[in-house]
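Summary of structural features
So you can see what is in the structure, the chains are spelled out below.
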Amino acid sequence: MALALPVAVQAQVQTTYNTYGYPGLIEMPSAHSRPDAELALNFSHFRNTTRTTLTFQVTPRLSGSLRYSALRDVRGNTPDAAVQEEIFDRSFSVHYRFLDETRRHPAFAIGLNDFLGTGIYQSEYVVASKTLHPRLRMTAGMGWGRLAGVGAFQNPLSYVFGSRLDTRPGRDGDQGGTLQAQNWFRGPAALFGGVEWQASDRWKLLAEYSSDAYPQEDGTAFNRKSPINIAAQYRLHPNAHVSLMYLYGSQVGVNLTLTLNPKSPPSGGSRDPAPPPVLTAPRVSGSTLDVQRNLAAGLQAQGLRLRALTVQGRTAHVSFGGTSRTRTAQDIGRTARVMTRTLPPEVEEFQITPAVSGLTPTRVTLRRADLVELEHDLDGAWASYTRARITAQEQAIAGNRATYPVWDTGITPYLQPALFDPDEPVRVDFGLQASAQVEATRGVILRGILRQPLVGNLDQSTRQSDSTLPRVRSDGALYDAEGSPAITELTAAYYYQPGTNLFGRFTGGYLEPMFGGLSAELLWFPLRSRFAFGAEVNYVRQRDFDQLFGFQDYSVATGHVSGYWQMQNGFHLQLDAGRYLAGDWGSTITLNREFKNGWRIGAFATFTNVSAAEFGEGSYDKGIIVTIPIDWLSGTPSRDDFTTILRPVQRDGGAQLDVAGRLYDTIRGLRGQDLQANWGRFWR
């Protein structure tokens, strides 16, 4: 009787993360993947080795990992390197499942380890995994580089592609950050494998044969006696696994993984107020001012703000301030519901224009009769979209004078991390942030943020910049040490619409913690286009380290032209080209995966005319961007989010000015593609 089972049964064996933080066994990889969009934080530790890895399941088949390892008594990446007491190493990995498991064949995956780091873990592999029983899975693979340390043999690829693949060139002593593709799948190869037994829903037992000889670890501190590793893994929670490991016949270790998925909010969903029902025959009496007051009160109950109301015959036009970029369709739907309850029954057509930062890019026209008909329709969201008329608003709507000024103030806690400092890999400050924003009149916005750190260790860094470029970012530790309290932003901005599909911004003041000055931006963004193009010019001066009102001597003109492309399946590509803060010229490419709820996870790389040697460690600027919408955490509508950039190294080359309120992200939730993607919330 065949042991292979249908895929639905095979799924009983849970795919988990190895000590390198990507899908695998104990230390070796496997061929299966974790759920799409999962974000995992993995900690592993055993003798002289501690790894912390952030892994994102970019697509159902592809995952990417950023790893930070603390290694003791280890050699560098060259054969003659001396043993060092401690090394902090950054590395990237990718894992791609190119063939799914079926009854007849296993799943297959291919991967690259440490393809952008210093090369301590550099290796490549091809691996296959097959489920033989509902609770039993076998894995076998072939590795190169570090994974060819035990039982190595001649590279089988050399029989097909030539003998040059028998030699692995090695690294050329670079600053790290380069691909070093000349090594991939070259040199000797070795086999590895293992077995997973899902003993119960919570317990899993694992055993593997490891082809990693740990060649760079000092043998006196790390005694590798055997290629066999065993582990017992326990599922603490659907989002947490812990493993106890016995490695290489001599070491005991632990592996902990915490996961979350942007598709599944921890709050259990939205905690919005219930939407008002559509009123088919409202009894509206009183003056026009009374109607406006009732409409404003109805919108306020939904967390919205009335900006303007005009009624002409059978048509009413309403402009309102919304809750968040990802809820625009819901805000429009609730505005329409309130209009059915507060406007006279003879008003048959509703023209609704969301407003943000004084801009009103899009108008949505709905018929009252369609709202009545579709409120309880099973396919009401899609039907309402097909019947809506969505058009570009050519000019910004001024709004009623009585609605200004619009204030937004608050005092909130903040968390500011700083990662990858070799002296202290994790630094963080916690404090209070006072913010105030006022829209004095349409499009004129004054904004300020004052921060006071309360506890933390950002001010304890003593590392000094060795940069030969203008120190536009590498003096960040000095700003952290002296900025208490700190004015991180104090600006005046003006937003306007100079023409159809054109949007503009002028901003002046203390633009960010390190620079102040003037910024101007123009964006062309057609209503239904997946493409947008913009240009920004800035003239800025470096601020004093205390981040109050003073400036230093360094000033620079900087700016970029930018292209934006909303790709399929939530992927978003941005290309910026221009001059950076240190006066260097080049371009930045950013690829994000974005979710309907506002989550954004992506990576960027910047290449300028600064050489790798002049840039310093890391060779060029690159990193991972994670944006978490606050309303995903709280369930309460909010336009705020938390964004962190995980940079392996913060240097001066490729440094871009950080200006709040840039046009593309300000208005994109009101344009055709985003509006359509979130229209499913219309009746919520």
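Residues numbered from 1 in each chain as written. Predicted model: local features only at pLDDT ≥ 70, side-chain atom pairs only at ≥ 80, totals over all residues. Heavy atoms only, no water.

Overview of the side chain of R307
Along the polypeptide, R307 turns up in strand β15 (residues 305–312). R307 sits in the buried class, given a relative accessible area of 10%. For R307, the residues in contact, after removing those within four places along its chain, are S319, F320, G321, A355, G399, N400, T403, Y404, V406 and E439. (Helix = DSSP H or I, 4+ residues; strand = E, 2+ residues; numbered from the N terminus. Buried < 20%, exposed > 50% of the residue type's maximum accessible area, 1.4 Å probe, protein only. Contact = heavy atoms within 4.5 Å.)

Looking at the pattern of salt bridges
Going through the model one piece at a time under the given rule, you end up with 32 salt bridges. The partner of E38 in a salt bridge is R34, with the nearest N and O atoms 2.8 Å apart. What makes R34 buried here is its relative accessible area of 12%. When the shortest N-O distance is used, the salt bridge between E512 and R473 registers 2.8 Å. With E512 in the loop between β24 (502–510) and β25 (515–524) and R473 in the loop between β22 (444–456) and α7 (476–482), this residue pair connects regions lying 39 residues apart in the sequence. (Salt bridge = Lys/Arg side-chain N within 4 Å of Asp/Glu carboxyl O.)

Some thoughts on the packing of helix α3 (residues 288–300) against helix α4 (residues 328–342)
Running from N to C, α3 and α4 cross one another at 145°; their axes reach a closest spacing of 9 Å. In this structure, α3 crosses over α4, and the sense of that crossing is right-handed. On the side of α3, the interface is formed by V291, N294, L295, G298 and L299, while α4 contributes T335, V338, M339 and T342. Looking at the contact of α3 with α4 residue by residue, the classes come out as 5 nonpolar, 4 polar and no charged. (Axes fitted to C-alpha atoms, helices over the stretch in contact; angles between N-to-C directions. Left-handed = near helix turned anticlockwise from the far one by under 90°. Nonpolar A, V, L, I, M, F, W, Y, C, P; charged D, E, K, R; others polar.)

Observations regarding the packing of aromatic side chains
Using the criterion set out here, one finds 24 aromatic pairs in the structure. Ring geometry for Y68 against F88: centres 6.0 Å apart, planes inclined by 10°, an arrangement best described as stacked. Of this pair, Y68 sits in strand β5 (residues 62–75) while F88 sits in strand β6 (residues 83–99), placing them 20 residues apart in sequence. On the basis of relative accessible area, Y68 is assigned to the buried category, the value being 10%. Among the aromatic side chains, those forming a connected cluster through ring pairs are W382, Y385, W679, F682 and W683. Its guanidinium or amino end placed over the ring of Y20, R51 lies 3.8 Å from that ring's centre, counting from NZ or CZ. The ring of Y414 has R451 sitting right over it, with the charged end atom 4.2 Å from the ring centre. (Phe/Tyr/Trp six-rings, centres within 6.5 Å; stacked < 30°, edge-to-face > 60°. Lys NZ or Arg CZ within 6 Å of the ring centre and 35° of its normal.)

With respect to the sheet that holds strand β19 (residues 389–392)
By definition, the strands of a sheet pair up through backbone hydrogen bonds, in either a parallel or an antiparallel sense. The strand order across the open sheet formed by 5 strands is β15-β16-β17-β18-β19, and the pairing between neighbours is mixed. Two strands bound the open sheet, and with one partner strand each, they are β15 and β19. Neighbour-to-neighbour, the strand axes of this sheet turn through a mean angle of 20°, independent of strand direction. The pairing of β15 with strand β16 (residues 315–321) spans 7 bridges and is classified as antiparallel. What sits directly across from A308, in β16, is S319. Against the sheet, α3 touches β15 and β16, its axis set at about 140° to β15. (Pairing = 2+ DSSP bridges.)

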